[in-house]
Every structure is written in C-alpha cells, then in structure tokens.
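Remarks on the overall topology
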Amino acid sequence: MNEADLYSQLAERHGHYCPMSTLGLRLGIEVVRRLTDVESTDWRFCYQARTCAADGIVMALEQSPLPSALQVEQLGQHLLLCTSVDGGELSLSLSANAMRLAAQYRELDEVDKPQHLEMLRTIASEQIIDVSGCAS
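In this report, the structure presented in the accompanying data block is examined. (Residues numbered from 1 in each chain as written. Predicted model: local features only at pLDDT ≥ 70, side-chain atom pairs only at ≥ 80, totals over all residues. Heavy atoms only, no water.)

**Points about the sheet that holds strand β1 (residues 43–47)**
Each strand in a sheet pairs with another by means of backbone hydrogen bonds, the pair being arranged parallel or else antiparallel. As a reminder of what qualifies: At least two DSSP bridges between two strands are required for those strands to pair. In this text, helices come from DSSP runs of H or I with a minimum length of four residues, and strands from runs of E with a minimum of two, each type numbered from the N-terminal end. For helices, the axis comes from a line fit to the C-alpha atoms of the stretch in contact; other axes are also lines fit to C-alpha atoms, and the angle between any two N-to-C directions lies between 0 and 180 degrees.
Spatially, the five strands line up as an open sheet ordered β2-β1-β3-β4-β5, and their pairing is mixed. Strands with a single pairing partner mark the edges of an open sheet, and in this sheet they are β2 (70–72) and β5 (129–134). Averaged over neighbouring strand pairs, the angle between their axes works out to 15° when direction is ignored. As judged from the five bridges shared by β1 and strand β3 (residues 79–84), these two strands associate in the antiparallel manner. Looking at the pairing, Y47 lines up with L80 of β3.

**What about the pattern of salt bridges?**
We apply this condition: By definition, a salt bridge exists where a carboxyl oxygen of Asp or Glu is found within 4 Å of a side-chain nitrogen of Lys or Arg. Under the scheme applied here, a residue whose accessible area is under 20% of the maximum for its type counts as buried, over 50% as exposed, and between as partly exposed, the area being computed with a 1.4 Å probe on protein chains only.
Applying the stated criterion across every chain yields a total of six salt bridges. One salt bridge in this structure joins E62 and R13, with 2.6 Å as the shortest N-O distance. With E62 in helix α3 (residues 53–62) and R13 in helix α1 (residues 3–14), the pair connects residues that are 49 residues apart, well separated along the chain. Relative accessible area serves as the criterion here: at 40%, R13 is assigned to the partly exposed category. Taken together, the shared-partner salt bridges connect E30, R33 and R34 into one network.

Quick look at the structure:
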C-alpha cells in the first residue's frame, strides 16, 4: 500500500485528519523502516502520550510484518519506545520542530491547512523525528 492511501485511510479510521495523526503515521513509518530488517521480531511498542498520533503509529505497524499492538501511556512525551526481548531498544520522538509545526496548524486559515498537512507528510524525517538507541 502506498503512503497516500495510508493517509486517506488514517483520516477515515481516526475520524478527522490532523497534524498529530499525520506525525504519528510518520513515526510509525519510520519505526517500520528501521525495524523490518532487524533480526529480532519480538518487539514491544509504547507511545508515551495519549494523542491522535497513536492511531497513525498503529496504522503503520498494521501494514508491516512487525507486531501491531501499541501500549499508550499518558506520560506527556511524544516518544515511541521500542524494546525487544533480545535487548534491542530504539526510541523515536517528535522533535521540537515537529511540535512547532503541529501547533502552527491551529493558526492557519482553512484554505492553508491542506498544504500544511501535505508539508507534514513530505518533510524529511530528520526534521521532525529524533532517533536514539540500537535496534540490533
């Protein structure tokens, strides 16, 4: 499935289309990209904020060979913690820039919002996602 289809399905599943669900899908796509070829397949995923982003993360995981169960905790951090039984740990978080871009959306006119969401879909991952840890 291509990414454009994922964003359409995300809006349908989530009930609306917003910056945080978009950023969540971006986090999910990035974690899938980083973990799909890693030898360990027994991963646990925890997102540490109860926001719209969780739906995007789950959607990306469901499209992958990785487990799709996502634990969500209300710790106020936009952090996706990935741990494996083999000792691998990978953390992906929304950067300060991502949060600034998400907040800007609220200030936009309705006519400008679709372009802003498109920018969130296509901006380089390095500009919105901070990664740490080792997946091996």
